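Reading the structure
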Amino acid sequence: MESAEIARRWLAFFEKRDHVVVPSTPLVADDPELLFVVAGMQPFKPYFRGDAPAPWPRATSVQKVLRTPDIDEVGKTTRHATFFHMCGNFSFGDYFKETAIPLAWELLTTPVADGGYGFAPDRLWVTVYTDDDEAADIWHRVVGLPVDRIQRRGMADNFWSMGVPGPCGPCSEIYYDRGPEFGVGGGPVANEERYLEVWNLVFMQYERGPGGAKDNYPILGELPAKNIDTGMGLERMAAILQGVDNIYEIDTTRPILDKAAELTGQRYGSGGQNDVRLRMVADHIRAITMLVNDGVVPSNEERGYVLRRLMRRVVRAMRLLGAREPTMHELVATAIAVFTPQYPELSRNAERIFAVADGEEASFFSTLAAGTARFEAAVREAGGGVLSGEQAFVLHDTYGFPIDLTLEMAAEQGVTVDEEGFRALMAEQRRRAKEDAERRKTGAADRAAYRAAAELLGRPVEFTGYTERSGEAVVRGLLVDGAAVPAAHAGQRVEVVLDRTPFYAEGGGQLPDHGVLEFAAGRIDVDDVQQPLPGLIVHRGRVADGEITVGETVLARIDVDRRWAISRSHTATHMVHKAFREFLGDTAAQAGSENAPGRFRFDFTNPSAVPPSVLGEVEERVNDLLLHDLEVTAQIMRQQEAIASGAIAMFGEKYGDQVRVISIGDWSRELCGGTHVPHTGHLGVIKIVSESSIGAGVRRIEALVGLDAYRYLAREAVLVSQLAEQLKAPADELPDRIAGMLARLRDAEKELEKLRQARLLAEAPRLAAARVDVGGLAVVAARVDGDGVDADGLRLLATDLRQRLGGSAVVVLAGVAGGRPVVVAAVGSEALARGVKAGELVGVAAKRLGGGGGGRPDFAQGGGTNPAAVDDAVSAALDAVRAQVG
């Protein structure tokens, strides 16, 4: 039975039993605590935690999941995977154990011809929590499972929680007996290789308190409503139903593995490290394909970093397997082919996925070459011992080497890495940015305070801002310094929850509204609006006058000028997106945006820079449409209906069943919850001011709208006029005139550089004549001052002196360039044979300069921070030569 059929049967079974089929959300988690969806129940987490009311009493899904904590074990075992699917059925206070257990048994044991999975009942075992007599009784009395196939386990194995205070409860796991060829009998408690877990039924009936280990936290009491959360691993079920030994050999993985073997000339099944690499490649390619499809692009932060790490592990593994040409395209194409029966959109998005994957692979080829050379140099410097945290950080920050790759390569060469030191440097680099981002999203409050506010409100805040710019509302909650308060007075920063609001909360790339909340005794100036929980809109600002209390009525007024400016930018973003797709194809898919007053930023996938001619055509196209004054309309419809109508959904965005579709005439149609102008003529003019790369396969444009665009063009016109006046040339001749001037300037700079080098090399005869004989070696250790003294100049002079003095040459030169000391060393072949090493000499000198350095035994360079120590550094290097030759 193919994986797509397993998923179809799951959904059909539960849909017939009154469960709402909920499509898989993107892998990008709609949860500030997590980067990715890591469990089938995660999209329903707000309902289980009580952050929001469940929209249905029961639901079912086949959810995409990504987990990377055990990434280093992928391929080494036949159990670990980064990307997989969890089939789940969920009850939100509707049914409990007495229904969940028989449903699971029915689906598993119903014959294949009747829509089930056809498991033989005598091959199934279950485990229950040690004192869950109720579940054990249902399994035996209702289902009819013999008592000797019901085993009990403790809290560590059969009790579930989210790992934090909140809902928890016992669970019951269903196991399939694969037969005696897989080991000894005795049930799951004796052998989990033979008895394979296929389904976990979680009975959420308690609330837990704080604690560390899986079995070390208090149970505070029963939940007011008991919930069901189950999970069946699709890949594990496929392995059983397809009669293969592990998840790497199922229909959605084995073809990728075979393609990797074909591209590298390997044969899977021979055992050893190559089998591990082939399994790892197959797993990672599945994850890569799904992540890019869901809108993730490679970067050095958060989700993008995880994707980049997976891609680079694949590229390196394929090279170690023997590939010398790019392979990512063919591997991804195979993944798209095997997953299209489950995800038809993969075929539609194929070109975009290829563009991102191919671009990152090409980028990493050059990174791999440069980074590997630097890594090997660092290993030599470490002398087979420990690679410092600073060296690992330089590899990451300068050469683009992720730490996991450094760790892997170091382990292969028997070198350890100061990972703690690296993490400390990374943490320092990221600390301020992360703190600022987190503070902006959640303010001073923790999620518990927001949940309490949402519970007090009892329903989502009504957003009236599509049609209203102001309106009366009632204060339903106040938070000061993260805590709920009954009142706030003048001068305090406050977070305000209203029952209804015209204020737009930041989201979908659109910046929040600003404005005021006016009440009888004063005013609050609102400078930020966020939605920390689904349906909870929080207004942040400062109480300007008076005292505000919970229950008071306020007049909420947005800054209309700011709203209009942002709305113009948002509509412009839609138009530019559509125009890029016209000129570049559907691969130009939105990968991020920011809509601010008078300007916008638009990120999109494209394998290379957009030619200026295309940028000009895009700009002309959208400005021409502004003149047509197209009507901008919003319509609410079912998501499937919207997609069928041609509306574009943003990759990585989470949408409900009912979606809002923004149409710009008959030209553009997108799913969007933001605010827009009523007609394109309101935009005035759009001006693209820059285009750049923000990562492999991802481009960014920055543009201005309306009055901001006009002011920019006016400044440009003045600048062109001034240049034309100064150069005495018509405006249309300026590019050629300036290009000619720059070419002449570059030629002049080259001539000046030649003169500087010639003056510096003129010192060579004098320095050679002043050489010192040390044990038969011709040693020049000198300070060099004057014009032309920099790292390049000193290297040139040292090379010239080594050539003049022959194999016995030992040259150490130091100088000050741009206020910083530089030292170089060059050693001839005879001196090398006698144990003199340039790297050691530079190390000695650089230490006196307050710095460091390194290089090859015959040539090295270093520097420092103390220019006053140059003479001392030269003397120290000369002493080192004397010590090395005895």
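Conventions and cut-offs
- Residues numbered from 1 in each chain as written.
- Predicted model: local features only at pLDDT ≥ 70, side-chain atom pairs only at ≥ 80, totals over all residues.
- Heavy atoms only, no water.
- UniProt positions renumbered as here; feature names shortened; annotations may be inferred.
- Helix = DSSP H or I, 4+ residues; strand = E, 2+ residues; numbered from the N terminus.
- Buried < 20%, exposed > 50% of the residue type's maximum accessible area, 1.4 Å probe, protein only.
- Contact = heavy atoms within 4.5 Å.
- Areas by Shrake-Rupley, 256 points an atom, 1.4 Å probe, with all protein chains shown as cover.
- Patch = residues over 30% accessible without salt bridge, like charges linked within 9 Å, V, L, I, M, F, W, Y side chains within 5 Å.
- Salt bridge = Lys/Arg side-chain N within 4 Å of Asp/Glu carboxyl O.
- Pairing = 2+ DSSP bridges.
- Axes fitted to C-alpha atoms, helices over the stretch in contact; angles between N-to-C directions.
- Parallel < 35°, antiparallel > 145°, perpendicular 65-115°, else oblique.
- Nonpolar A, V, L, I, M, F, W, Y, C, P; charged D, E, K, R; others polar.
- Left-handed = near helix turned anticlockwise from the far one by under 90°.
- Phe/Tyr/Trp six-rings, centres within 6.5 Å; stacked < 30°, edge-to-face > 60°.
- Lys NZ or Arg CZ within 6 Å of the ring centre and 35° of its normal.
- Core = buried A, V, L, I, M, F, W, Y, C linked by side-chain atoms within 4.5 Å.
- pLDDT = per-residue confidence, 0-100.

UniProt annotates the chain as Alanine--tRNA ligase originating from Acidothermus cellulolyticus. Per UniProt, the chain has the following entry under Catalytic activity: "tRNA(Ala) + L-alanine + ATP = L-alanyl-tRNA(Ala) + AMP + diphosphate". In UniProt, the chain has this text filed under Subcellular location: "Cytoplasm".

Let's shift gears to the overall build of the chain. When its secondary structure is counted, the chain shows 26 helices and 35 strands. Taken over the C-alpha atoms alone, the chain extends approximately 105 × 75 × 50 Å along its principal axes. The buried share of the chain, reckoned over its 886 residues, is 51%. A sequence separation of at least 24 residues applies to 68% of the contacts in the chain between residues at least 6 apart. If you sum the accessible surface of the chain, you get close to 38,400 Å²; carbon and sulfur atoms cover 50% of it.

This next bit is on a nonpolar patch on the surface. A cluster of nonpolar residues, Ile738, Leu742 and Leu745, forms a patch on the protein surface that exposes about 240 Å² of accessible area. As for its placement among the helices and strands, Leu745 is situated in helix α21 (residues 734–761). Taking the relative accessible area as the measure of exposure, Leu745 reaches 46% and is therefore partly exposed.

This part takes up the UniProt feature "binding site: Zn(2+)" in the chain. Taking the UniProt record as the reference, the feature "binding site: Zn(2+)" is found at His570, His574, Cys672 and His676. For this annotated set, covering 107 residues, all C-alpha atoms fall within 9.9 Å of each other, a compact arrangement in space. You can see His570 is positioned in helix α17 (residues 560–584). Residues within four places of His570 in sequence aside, it is in contact with Gly508, Gln510, Asn595, Cys672, Gly674, Thr675 and His676.

Taken in spatial order, the four strands make up an open sheet running β23-β24-β29-β28, and their pairing is antiparallel. In this open sheet, the two strands that pair with only one neighbour each are β23 (590–596) and β28 (686–695). Going from strand to strand, the sheet's axes swing by 15 degrees on average, the running direction of each strand aside. Relative to strand β29 (residues 698–705), β28 is paired through eight bridges, and the arrangement is antiparallel. Looking at the pairing, Ile688 lines up with Ala703 of β29. On top of the sheet, α17 reaches β23, β24 (599–605), β28 and β29; it is set at about 30 degrees to β24, its chief contact. Contacts from helix α20 (residues 707–727) reach β28 and β29 within the one sheet, and its direction differs from that of β29 by about 90 degrees.

Positive phi, normally seen in glycine, also occurs at Asp18, with a value near 70 degrees. Within the secondary structure, Asp18 is located in the loop between α1 (3–15) and β1 (20–21). The exposure class assigned to Asp18 is exposed, which follows from its relative accessible area of 61%. Of note in this structure, Asp481 is not a glycine but carries a positive phi near 55 degrees.

Moving on, we come to the packing of helix α9 (residues 302–321) against helix α14 (residues 403–412). Running from amino to carboxyl end, α9 crosses α14 at an angle of 30 degrees, the nearest separation of the two axes being 9 Å. With respect to α14, the element α9 is oriented roughly parallel. Each of Tyr305, Arg309, Arg313, Arg316 and Leu320 in α9 lies in contact with α14, whose residues at this interface are Ile403, Asp404, Leu405, Glu408, Met409 and Glu412. For the contact of α9 with α14, the per-class residue count stands at five nonpolar, no polar and six charged.

Across the interface, helix α8 (residues 273–293) lies against α9 with an axial gap of 9 Å and an inter-helix angle of 145 degrees. Taken as a pair, α8 and α9 cross one another with a handedness that is left-handed. Two secondary-structure elements touch here, α8 through Asn274, Arg277, Leu278, Met280, Val281, His284, Ile285, Ala287, Ile288, Leu291 and Val292 and α9 through Leu307, Leu310, Met311, Arg313, Val314, Ala317, Met318, Leu320 and Leu321. Split into classes, the residues belonging to the contact of α8 with α9 amount to 16 nonpolar, two polar and two charged.

Here the focus is the packing of aromatic side chains. Here the structure, examined in full by the defined rule, presents 28 aromatic pairs. Look at Trp10 and Trp199: their rings are 4.7 Å apart centre to centre, the planes differ by 50 degrees, and that puts the pair in the tilted class. Placement of the pair is Trp10 in helix α1 and Trp199 in strand β8 (residues 195–208), with a sequence separation of 189 residues. Look at Trp10 and you get buried, because its relative accessible area is 0%. Residue Trp199 is classed as buried on the basis of its relative accessible area, which comes to 0%. On the basis of an interplanar angle of 15 degrees and a centroid distance of 5.5 Å, the ring pair of Phe602 and Phe604 is categorised as stacked. One aromatic cluster is present, formed by Phe44, Tyr47, Phe48, Trp56, Phe90 and Phe92 through successive ring pairs. The ring of Tyr217 carries Arg208 above its face, with NZ or CZ at 3.8 Å from the centroid. The ring centre of Tyr248 lies 6.0 Å from the NZ or CZ of Arg279, which sits over that ring.

Ile285, Ile288 and Met328 are the most contacted members of the largest nonpolar core, which has 69 residues in total. Of all the elements in the fold, those that place two or more residues in this core are α7 (254–264), α8, α9, α10 (328–339), α12 (350–382), α13 (389–397), α14 and α15 (419–442). Apart from the residues lying within four places of it in its own chain, the contact partners of Met328 are Ile285, Ile288, Met311, Val314, Val315, Ala357, Asp358 and Glu361.

Our next topic: the confidence of the model for the chain. Counting all residues, the mean pLDDT for the chain is 88, and 96% of those residues have values of 70 or more. Contacts for the low-pLDDT stretch residues 436–444, under 50 throughout, to residues beyond four places or in other chains number 19 contacts.

Overall, the coordinates contain 46 salt bridges when judged by the stated rule. A salt bridge links Glu462 to Arg500; the nearest nitrogen and oxygen atoms lie 3.6 Å apart. Here the residue Glu462 occupies a position in strand β12 (residues 462–463), and Arg500 occupies one in strand β17 (residues 500–501), the gap between them amounting to 38 residues. Glu462 sits in the partly exposed class, given a relative accessible area of 40%. For Asp525, the salt bridge identified is with Arg523, shortest N-O distance 2.7 Å. A residue is classified by how much of its surface remains accessible, and Asp525, at 30% relative accessible area, is partly exposed. Taken together, the shared-partner salt bridges in this structure form one network comprising Glu5, Arg8 and Arg9.

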